[in-house]
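Residue-level structure breakdown
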Amino acid sequence: MRLYLLNATQEDMLQAANLETMETGFMVSIYFSISKKHYSNDEIAAACQLVLDEVHYTHVHLVKLDDGQLMISENTDMPNHVHRHQMSQHEWEARQQEFVRPFKLLEEPGVRINVIETEEHTIVCITFNHIFFDGMSMKGLFNSLKAALEGLPIEDQGDIACVWNEEERASYGTECYKRAQQATCEKFRGHRYTDICHPTDTPFGQTLYACYLLDYSRIRHIRINSSALTEDQQKKMLTTISVAAYAMALGQMAGTTDVVFMTTNHGRIDKRLNMKVLGNFLKSMSLRINTDPKQSVAELIAQTRTALFGMMRTIGYPWTHMVRDLHLSPEEQVGTEMNVSGLGIYEYLTIRGINYSGYHIKMSESNMHLFLVVQIREEGLTFNVEGSEALYTQEQLDTMARLTGEYTIRLIGDQNKKLKEIIIPYDDPHRR
């Protein structure tokens, strides 16, 4: 195990940390409730500890060198132990927020596991430091837990995160990097991210949430398994359609047809890279999509696909470098964002054929700008929106979730229709 430098995304995340206390609230907390009929508390706690003992990356943390430089270490000299608790189900529901607390970057590893025993269930609460873990690496840890509970070998991937970070940093300044830099800067120079927030000097507020469900009775014609799609069905892939739907909803609510927002690509192109891989390799990408209502549905979908694949070719040029090279002010750097959570990223923990749904514990306060995630759930597609109440109203988030969901349905219809024919009218008191 070696020490290695942060990649561009991690450096950006670190900027949001309190560099005086070396604490970060950049985290994701997920819990699974497992019936005692299937596993005892001791079995689950032992399986969790086995994962922490055998997977080096569960000990990942920051170290500060004598010259003040911060580097990443996967060395297991930073201990990691399962924390066990016993309480009633009612007490757990009342105390959930206690398990979402900042990470001390220099004093604790990047993942915490709490096992809570209630009357009928064992709750596995896993909190990830988002500087080190993204959706795919969260799923990788859940795969290890699944293996431990089923008595299967646990895969320890060692220095792969180190190798990737070193390869990314070595690519800076290469010809490929310069081509991506030129294409990106030409596309976004002079443009700000599209937003519907109200101005404020204090963006921190209680986190607001909205969720809109498209149940499967309405989306049976969507093929979730992309490998089974025909060439015609490829045009209607879920990711492309929902990104286009979000662009329509955001542009409509903001009163513009030139829509700029962010999405993410995990950037994993090596044939070895799959849901077993640990390490944060999340890539932020900016998209610019024209939602002119005179164009057809087919034209919007084709344009969205081109935008997505075009930006994927520029992932060697990090978003933080774009911000630097475009000389964007902090106010202009804040991006609205949408992501499609691929099948089973971290929604479920499947053990011996039983699906245990994962539930998020959200930070109570946030300065988050508009963020929408499309998730594939057992009951259908959910369009989950969140943002700070200092920036948005509940009505705005409800509308964004609903419009994105409904446009997803309408964009799967007649491809020759003009966008103006499928626009959903709504009353927006904020634009009067």
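Please read all numbers here as calculations on a predicted model, not as lab measurements.

Rules of the game
Residues numbered from 1 in each chain as written. Predicted model: local features only at pLDDT ≥ 70, side-chain atom pairs only at ≥ 80, totals over all residues. Heavy atoms only, no water. Helix = DSSP H or I, 4+ residues; strand = E, 2+ residues; numbered from the N terminus. Buried < 20%, exposed > 50% of the residue type's maximum accessible area, 1.4 Å probe, protein only. Pairing = 2+ DSSP bridges. Core = buried A, V, L, I, M, F, W, Y, C linked by side-chain atoms within 4.5 Å. pLDDT = per-residue confidence, 0-100. Contact = heavy atoms within 4.5 Å. Patch = residues over 30% accessible without salt bridge, like charges linked within 9 Å, V, L, I, M, F, W, Y side chains within 5 Å. Areas by Shrake-Rupley, 256 points an atom, 1.4 Å probe, with all protein chains shown as cover. Salt bridge = Lys/Arg side-chain N within 4 Å of Asp/Glu carboxyl O. Lys, Arg positive; Asp, Glu negative; His and termini not counted. Charge placed at Lys NZ, Arg CZ, Asp CG, Glu CD. Axes fitted to C-alpha atoms, helices over the stretch in contact; angles between N-to-C directions. Parallel < 35°, antiparallel > 145°, perpendicular 65-115°, else oblique. Left-handed = near helix turned anticlockwise from the far one by under 90°.

Turning our eyes to something else, we now look at unusual backbone geometry. Despite not being glycine, H327 shows a phi value in the positive range, around 55 degrees. Mapped onto the elements, H327 comes out in the loop between α10 (319–325) and α11 (330–333). For R352, which is not a glycine, the phi torsion comes out positive at approximately 50 degrees. Along the polypeptide, R352 turns up in the loop between β14 (348–351) and β15 (354–361). Judged by its relative accessible area of 55%, R352 falls in the exposed class.

Before going further, it helps to spend a moment on the pairing of strand β4 (residues 61–64). Here 4 bridges tie β4 to strand β5 (residues 70–73), and the two strands are oriented antiparallel to one another. In the strand pairing of β5, V63 is matched with M71. Here β4 folds back onto β5, and the loop between the two strands holds 5 residues, one of which, G68, carries a positive phi near 90 degrees.

In terms of nonpolar packing, the biggest core is built from 62 residues, with F261, L370, M400 and L411 touching the most fellow members. Residue contributions to this core peak at 11 residues, all from helix α8 (residues 238–254). With 48 residues, the next largest nonpolar core counts F32, I72, F133 and Y356 among its residues.

Let us now look at the confidence of the model for the chain. In the predicted model, the chain carries a mean pLDDT of 87, and the fraction of residues at 70 or more is 91%. When the criterion is pLDDT under 50, residues 224–229 qualifies, and its contacts beyond four places in sequence or with other chains add up to 10 contacts.

On the surface, D53, E54, E155 and D156 cluster together to form a negatively charged patch. Tracing the sequence through the fold places E155 in the loop between α4 (135–149) and α5 (160–171).

The next point concerns the environment of E98. With respect to the element layout, E98 can be found in the loop between α3 (89–95) and β7 (103–104). Relative accessible area serves as the criterion here: at 48%, E98 is assigned to the partly exposed category. Taking the C-alpha atoms as reference points, E98 and I361, separated by 263 residues in sequence, lie 9.8 Å from one another.

With that settled, the discussion passes to the sheet that holds strand β1 (residues 3–4). Pairing is antiparallel across the open sheet formed by 3 strands, whose spatial order is β1-β5-β4. Of all strands in the sheet, those bounded by a partner on one side alone are β1 and β4.

Let's shift gears to the sheet that holds strand β8 (residues 111–117). With mixed pairing, the 6 strands of this open sheet are ordered in space as β6-β8-β9-β3-β15-β14. With partners counted over all chains shown, the strands left at the sheet margins are β6 (83–86) and β14, one partner each. Looking at each pair of strands side by side, their axes are set apart by 25 degrees on average, direction ignored. Inspection of the sheet shows β6 paired to β8 by 4 bridges, in the parallel sense. By the bridge assignment, H83 is partnered in β8 with N114. The sheet contacts of helix α2 (residues 41–54) involve β3 (27–35), β6, β8 and β9 (121–129), and relative to β8 the element is tilted by about 175 degrees.

Another aspect to go through is the packing of α2 against α4. In contact at an axis separation of 9 Å, α2 and α4 are set at 125 degrees when each is read in the N-to-C sense. Taken together, the axis directions place α2 and α4 in an arrangement best described as oblique. Crossing geometry of α2 relative to α4 is assigned as right-handed. On α4, the residues touching E43, I44, A47, C48, L50 and V51 of α2 are L141, S144, L145, A148 and L149.

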